[in-house]
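Commentary on secondary and tertiary structure
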Amino acid sequence: MNPKYSRYYTFVKPIFQNSTVKTYNSFALSLIIITIFSLFAIKPTLKTIATLQKQIEQQTKVLDQLNAKARTVSQAKSNLDSMSDADKAKLEALLPSQTDPVGLAKNMVQWANQYTASISAMELQNAPLVGEPQTGSSSADLAELPFTFNISGSYPNMVSTLSAFNSSSRLLYLNTILMSQESDQGITVAIDGKTYFLK
């Protein structure tokens, strides 16, 4: 026997020859091996459980948002159903189901005539003149109808005409209003804006 290992055999060999150690040795080694392999086997399952838990939390948040949206839509429908016919007509005028460029042009001409303003130009840009109304359709999209409107007259008349835009029954958005002095007697106002409709 190699003297280098003699001490090892002197102390360790009797331990392994002990009957108690012999009895539980294989059990302990089996338990250690099973534990190691179990950890490797359980690790992917634990990862899967963690991923599923995270997905459940995310989907729960999405479900809560959808439920809140459903409640909001339900409340909006209830409010719409409880509106009077006059209010529904105002809402339709505010956001019509068709472009209605003729109605918009008539309103602008009426405002100009009411305050003795002279119309020098009016342009309604690309928009369909006819089409199926989309009121009440869940697939209806909000579309824009750009316009330009040039008027001239005295300063007080221009201010009054511009105030009429503010009281329009139709939803209007004015991008720019440019004023320039035309003569000693009057000014020219160039209005660039847009209105909306459902398409």
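Reading guide: rules and limits
- Residues numbered from 1 in each chain as written.
- Predicted model: local features only at pLDDT ≥ 70, side-chain atom pairs only at ≥ 80, totals over all residues.
- Heavy atoms only, no water.
- Helix = DSSP H or I, 4+ residues; strand = E, 2+ residues; numbered from the N terminus.
- Buried < 20%, exposed > 50% of the residue type's maximum accessible area, 1.4 Å probe, protein only.
- Contact = heavy atoms within 4.5 Å.
- Areas by Shrake-Rupley, 256 points an atom, 1.4 Å probe, with all protein chains shown as cover.
- pLDDT = per-residue confidence, 0-100.
- Polar contact = N/O pair within 3.5 Å; in protein donor to acceptor, adjacent residues only side chain to side chain.
- Axes fitted to C-alpha atoms, helices over the stretch in contact; angles between N-to-C directions.
- Left-handed = near helix turned anticlockwise from the far one by under 90°.
- Salt bridge = Lys/Arg side-chain N within 4 Å of Asp/Glu carboxyl O.
- Phe/Tyr/Trp six-rings, centres within 6.5 Å; stacked < 30°, edge-to-face > 60°.

1. Topic: the overall build of the protein
Helix and strand counts for the protein come out as 5 helices and 4 strands. From first element to last, N terminus to C terminus, the protein shows the α and β order α-α-α-α-β-β-α-β-β. Residues classed as buried in the protein amount to 19% of the 199 residues present. Within the protein, contacts between residues at least 6 apart in sequence are counted, and of these 70% link residues at least 24 apart. For the protein, the exposed surface amounts to about 14,600 Å²; the carbon and sulfur share of it is 59%.

2. Comments concerning unusual backbone geometry
Unlike most non-glycine residues, Thr116 shows phi in positive territory, near 45°. Relative to the helices and strands, Thr116 resides in the loop between α4 (101-114) and β1 (118-124).

3. Structural notes on the confidence of the model for the protein
Averaged over every residue, the pLDDT of the protein is 78; the share at 70 or more is 78%. Across residues 133-137 the pLDDT falls below 50, and counting only partners more than four positions away or on other chains, this stretch makes 10 contacts in the model.

4. Considerations on the side chain of Thr195
If you trace the backbone, Thr195 turns up in strand β4 (residues 187-198). Within the local environment of Thr195, its side chain forms a polar contact with the backbone oxygen of Leu171, the two atoms lying 2.7 Å apart. Residue contacts for Thr195: discarding those within four places in its chain leaves Leu104, Ala143, Glu144, Leu145, Phe147, Arg170, Leu171 and Leu172.

5. A look at the packing of α4 against helix α5 (residues 155-166)
Packing of α4 against α5 leaves a shortest axis separation of 9 Å and a crossing angle of 145°. Crossing of α4 against α5: the hand is right-handed. Residues Met108, Trp111 and Ala112 of α4 lie in contact with α5, whose contacting residues are Thr161, Ala164 and Phe165.

6. Describing the pattern of salt bridges
For the structure on display, the rule yields 2 salt bridges. We note a salt bridge from Lys77 to Asp81, for which the minimum N-O separation is 3.1 Å. Separated by 4 residues within a single helix, Lys77 and Asp81 lie in helix α2 (residues 19-81), roughly one turn from each other. As a salt-bridge pair, Glu144 and Lys194 come within 3.3 Å of each other at their nearest N and O atoms. In this pair, Glu144 is assigned in strand β2 (residues 142-153) and Lys194 in strand β4, connecting sequence segments 50 residues apart. With relative accessibility at 42%, the residue Glu144 sits in the partly exposed group. With relative accessibility at 17%, the residue Lys194 sits in the buried group.

7. Topic: the packing of aromatic side chains
According to the stated counting rule, one finds 2 aromatic pairs in the structure shown. An angle of 55° between the planes, with centres 4.8 Å apart, marks the rings of Trp111 and Phe165 as tilted. Taken together, the positions of Trp111 in helix α4 and Phe165 in helix α5 put the pair 54 residues apart, joining distant regions of the chain. Classification of Trp111 as buried rests on a relative accessible area of 9%. Here Phe149 and Phe165 contribute two aromatic rings whose centre-to-centre distance is 6.0 Å and whose plane-to-plane angle is 50°, an arrangement assigned as tilted. Of this pair, Phe149 sits in strand β2 while Phe165 sits in helix α5, and the two are 16 residues apart along the sequence. Overall, Phe149 belongs to the buried group, its relative accessible area being 0%. One aromatic cluster is present, formed by Trp111, Phe149 and Phe165 through successive ring pairs.

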